[in-house]
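Take a look at the letters that make up each chain.
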Amino acid sequence: MADYDYDFFVIGAGSGGVRASRLAASFGARVAVAEERFLGGTCVNVGCIPKKLLVYASAFREEVAEAQEGYGWSLDGLDFDWPRLIENKNREIARLNGVYQKLLDAAGVESIEGRATLAGPHTVAIGGRTLSARHILVATGSSAFRPPEILGIEHAITSDEAFYLEALPERVIVVGGGYIAVEFAGIFHGMGADVCQLYRGPMFLRGFDDDLRQHLAGEMRGRGIDLRFDSVPVKIEQARGGIRATLSDGQVLEADYLLCATGRHPNSEGLGLEELGVKKTANGAVVVDAYSNTSLPSIHAIGDVTDRINLTPVAIHEAICLANTLFNDRPMAPVHDAVPAAVFSQPPLGTVGLTESEARARYGAIDVYRSTFRALKQTLTSSPTRCMMKLVVDRASDRVVGLHMAGAEAGEIVQGFAVAVRAGLSKVQFDATIGIHPTLAEEFVTLREPVPEA
Ligand code: NDP
């Protein structure tokens with residue numbers, strides 16, 4: 001066998017790259033990981049973690065209002081200090097960067113700072129050196145994409161900058177209708193900013209269950225977010241201390257910032273992939289087979305750069321499968337079915353399995369169970385907010401093939417139920433489970449009557 005410097009060279013120390021490195025090392029491989037920016041990648045630095053911290057921060061306003069209105073609390077002199085929050089958040093991220101470094105060190109993985117590029121099927125170039133490896137992993141993630149067709153798009157910020165604003169904006173325009181757009185609309189609104197969200201189509205959150213999408217649109221509007229569909233900016237200009245956006249219908253809006261949340265593109269440029277003939281899709285995603293192998297047998301790819309399901313736990317799953325396949329003599333293909341997900345909007349959404357329309361297309365005859373109700377916590381307040389819980393059942397097998405929710409702690413609740421959906425449990429088995437009372441989650445085991453067929 002050829003003598004390589006390493007068994008495994010990983011490009012990118014994000015969620016996927018770090019897990020693949022550590023696991024491969026635990027199987028006895030000699031591993032190096034190269035990172036040009038920050039340990040932990042998008043998730044830790046400008047994604048899931050800081051986002052969730054900002055979501056927590058922004059939810060307090062509504063909770064305090066409910067505490068005062070219904071629960072006997074009097075809280076005077078309420079004040080919010082954005083710089084203090086950002087400073088605390090930055091400190092936590094620096095701590096996590098350190099944790100990642102320690103994990104890599106403890107696993108015996110060599111960390112190399114810098115940008116690595118592919119120089120051959122078994123070689124990478126980094127910092128003037130050329131290093132060889134039996135296997136190379138591309139785990140370079142994705143970056144925020146700004147639509148070039150919007151004139152003056154350079155005046156927009158992306159989520160990268162939103163995490164480091166010096167002051168809390170008073171007015172924000174959010175463009176997009178995916179995860180990041182609805183999450184940041186909720187964050188800025190919750191902190192007291194005027195938020196206008198623009199989505200190009202007739203209903204945002206494409207790919208989610210239609211009832212959930214409509215429910216969330218109503219909830220966001222009910223909270224005071226100016227949510228507009230079939231609306232996009234065509235021009236962005238700088239204006240007095242902020243920006244001015246001209247919309248497709250000619251309307252002009254002014255705001256402190258326009259946040260562009262129009263998707264992310266794979267980080268696959270300038271890595272030397274084209275030169276080696278590694279296949280990519282039209283949008284730049286690295287093409288991989290079921291085992292995360294690229295078109296070159298020694299080069300593999302996982303995570304956002306492959307644009308399969310762009311979620312941290314999915315990248316970690318792909319990493320675990322690849323490390324086992326390459327270094328543990330245990331071939332494992334990642335499974336991309338029934339992946340649970342949450343959108344940390346306000347209220348949050350949780351979902352696992354098929355939407356109603358997907359299930360109808362796949363199974364034909366389905367039963368839908370749906371409940372929209374006022375949570376106990378809101379009964380002492382005038383809040384109009386409602387929860388929605390929904391089960392989609394394949395009639396022939398009685399299996400619950402989709403489970404969806406909008407309401408407090410949807411992510412926590414759906415994570416638990418995802419085990420049941422993944423295990424293929426039937427509606428009868430859901431019904432046989434005793435509820436925990438009083439909770440929102442008990443609704444999933446007490447839904448008795450299907451929605452009548454239209
Ligand atoms: P998404 O792909 O979720 O959404 C992109 C949005 O931008 C869609 O509404 C899309 O519309 C719209 N859009 C795309 N191109 C244009 C354009 N040229 N002009 C106007 N609108 C446009 O991307 P996000 O940026 O929100 O998030 C990226 C990924 O990160 C997500 O897909 C998700 O996988 C992950 N993520 C997960 C989170 C979580 O787990 N909670 C949180 C944040 C991100 P259309 O639907 O019409 O194409």
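Preceding block: the structure.
Now for a quick tour of the structure. (Residues numbered from 1 in each chain as written. Predicted model: local features only at pLDDT ≥ 70, side-chain atom pairs only at ≥ 80, totals over all residues. Heavy atoms only, no water.)

**Quick notes on the pairing of strand 9 (residues 194-198)**
So, step 1. Across the 5 residues that make up strand 9, a large majority, 4, are buried.
So, step 2. With 5 bridges joining them, strand 8 (residues 171-175) and strand 9 adopt parallel strand pairing. What sits directly across from Val-175, in strand 9, is Leu-198.
So, step 3. Read as a crossover between parallel neighbours, the route from strand 8 over helix 6 (residues 179-190) to strand 9 is right-handed.
So, step 4. Direction of pairing for strand 9 relative to strand 10 (residues 226-228): parallel, over a ladder of 3 bridges. Its bridge partner lying in strand 10, Leu-198 is registered against Arg-228.
So, step 5. For the handedness criterion, the β-α-β arrangement of strand 9, helix 7 (residues 210-223) and strand 10 is classed as right-handed. (Buried < 20%, exposed > 50% of the residue type's maximum accessible area, 1.4 Å probe, protein only. Helix = DSSP H or I, 4+ residues; strand = E, 2+ residues; numbered from the N terminus. Pairing = 2+ DSSP bridges. Right-handed = clockwise from strand over helix to strand, strands pointing away.)

**Some details on the packing of aromatic side chains**
So, step 1. Inspection of the entire model under this criterion finds 10 aromatic pairs.
So, step 2. Ring geometry for Phe-163 and Phe-184: centres 5.3 Å apart, planes at 70 degrees, overall edge-to-face. Of this pair, Phe-163 sits in the loop between helix 5 (159-162) and strand 8 while Phe-184 is found in helix 6, placing the two residues 21 residues apart along the sequence. By the burial criterion, Phe-163 is buried, and Phe-184 matches it.
So, step 3. One aromatic cluster is present, built from ring pairs that chain together Trp-82, Phe-163, Phe-184 and Phe-188.
So, step 4. The ring of Tyr-164 is capped by Lys-89, whose NZ or CZ atom sits 3.9 Å from the centre of that ring.
So, step 5. The residue whose ring lies beneath Lys-427 is Tyr-369, and the NZ or CZ to ring-centre distance is 4.2 Å. (Phe/Tyr/Trp six-rings, centres within 6.5 Å; stacked < 30°, edge-to-face > 60°. Lys NZ or Arg CZ within 6 Å of the ring centre and 35° of its normal.)

**Looking at the environment of Glu-449**
So, step 1. By secondary structure assignment, the location of Glu-449 is in the segment after helix 12 (427-431).
So, step 2. As a C-alpha pair, Glu-449 and Gly-241 span 208 residues in sequence and 55 Å in three-dimensional space.

**A closer look at the sheet that holds strand 20 (residues 387-394)**
So, step 1. Across the sheet, which stays open at both edges, the 5 strands sit in the order 17-18-21-20-19 with antiparallel pairing between neighbours. Every other strand in the sheet has two partners, leaving strand 17 (341-343) and strand 19 (366-373) as the edge strands with one partner each. Here the average twist between neighbouring strands, direction ignored, is 10 degrees.
So, step 2. Sheet analysis places strand 18 (residues 349-353) next to strand 21 (residues 400-406), joined by 5 bridges and oriented antiparallel. Residue pairing in the sheet places Val-352 in a bridge with Leu-403 of strand 21.
So, step 3. Running at roughly 175 degrees to strand 20, helix 7 makes contact with strand 18, strand 19, strand 20 and strand 21 of the sheet.
So, step 4. Contacts between helix 11 (residues 410-422) and the sheet are confined to strand 17, strand 18 and strand 21, with strand 21 contributing the most and set at about 175 degrees to the helix. (Axes fitted to C-alpha atoms, helices over the stretch in contact; angles between N-to-C directions. Contact = heavy atoms within 4.5 Å.)

**Digging into the sheet that holds strand 9**
So, step 1. Strand order across the open sheet formed by 4 strands is 10-9-8-14, with parallel pairing between neighbours. The open sheet is flanked by strand 10 and strand 14 (257-260), the only strands paired with a single partner. Each neighbouring strand pair of the sheet contributes to a mean axis angle of 15 degrees, computed without reference to strand direction.

**Some details on the site of the ligand**
So, step 1. The local shell around the ligand holds 20 residues, among which Tyr-199, Arg-200, Arg-206, Asn-310 and Ala-342 are the closest.
So, step 2. Within the side chain of Glu-149, a nitrogen or oxygen atom sits 2.9 Å from a nitrogen atom of the ligand.
So, step 3. One nitrogen or oxygen atom from the main chain of Ile-180 is found 2.8 Å from an oxygen atom belonging to the ligand.
So, step 4. Summarising the interface, the protein chains cover 80% of the accessible area of the ligand, which totals 910 Å² for the free molecule. (Near = heavy atom within 4 Å. Polar contact = N/O pair within 3.5 Å; in protein donor to acceptor, adjacent residues only side chain to side chain. Areas by Shrake-Rupley, 256 points an atom, 1.4 Å probe, with all protein chains shown as cover.)

**A short note on the pattern of salt bridges**
So, step 1. Scanning all chains against the criterion turns up 26 salt bridges.
So, step 2. Of the charged contacts in the structure, one is a salt bridge between Asp-211 and Lys-390, with a shortest N-O distance of 2.6 Å. With Asp-211 in helix 7 and Lys-390 in strand 20, this residue pair connects regions lying 179 residues apart in the sequence. In this structure, Asp-211 and Lys-390 share a single accessibility class: buried.
So, step 3. For Lys-427, the salt bridge is made with Asp-431, and the minimal N-O distance between the two is 2.7 Å. In this pair, Lys-427 and Asp-431 are both assigned in helix 12, 4 residues apart and thus about one turn of the helix distant.
So, step 4. The buried category is assigned to Lys-427, whose relative accessible area is 3%.
So, step 5. Each of Asp-209, Asp-211, Glu-356, Arg-360, Arg-370 and Lys-390 takes part in a single network of salt bridges with overlapping partners. (Salt bridge = Lys/Arg side-chain N within 4 Å of Asp/Glu carboxyl O.)

**Quick look at the packing of helix 1 (residues 15-26) against helix 4 (residues 82-107)**
So, step 1. At their nearest, the axes of helix 1 and helix 4 sit 9 Å apart, and the two run at 25 degrees to each other. The orientation of helix 1 with respect to helix 4, classified from their angle, is roughly parallel. Both helix 1 and helix 4 take part in a crossing whose hand is left-handed. Contacts from Val-18, Ser-21, Arg-22 and Ala-25 of helix 1 reach helix 4 at Tyr-100, Leu-103, Leu-104 and Ala-107.
So, step 2. Looking at the contact of helix 1 with helix 4 residue by residue, the classes come out as 6 nonpolar, 1 polar and 1 charged. (Parallel < 35°, antiparallel > 145°, perpendicular 65-115°, else oblique. Left-handed = near helix turned anticlockwise from the far one by under 90°. Nonpolar A, V, L, I, M, F, W, Y, C, P; charged D, E, K, R; others polar.)

**Notes on a nonpolar patch on the surface**
So, step 1. Taken together, Tyr-71, Trp-73, Leu-75, Leu-78 and Leu-380 make up a surface patch of nonpolar side chains, about 520 Å² in accessible area.
So, step 2. With respect to the element layout, Leu-78 can be found in the loop between helix 3 (48-70) and helix 4. (Patch = residues over 30% accessible without salt bridge, like charges linked within 9 Å, V, L, I, M, F, W, Y side chains within 5 Å.)

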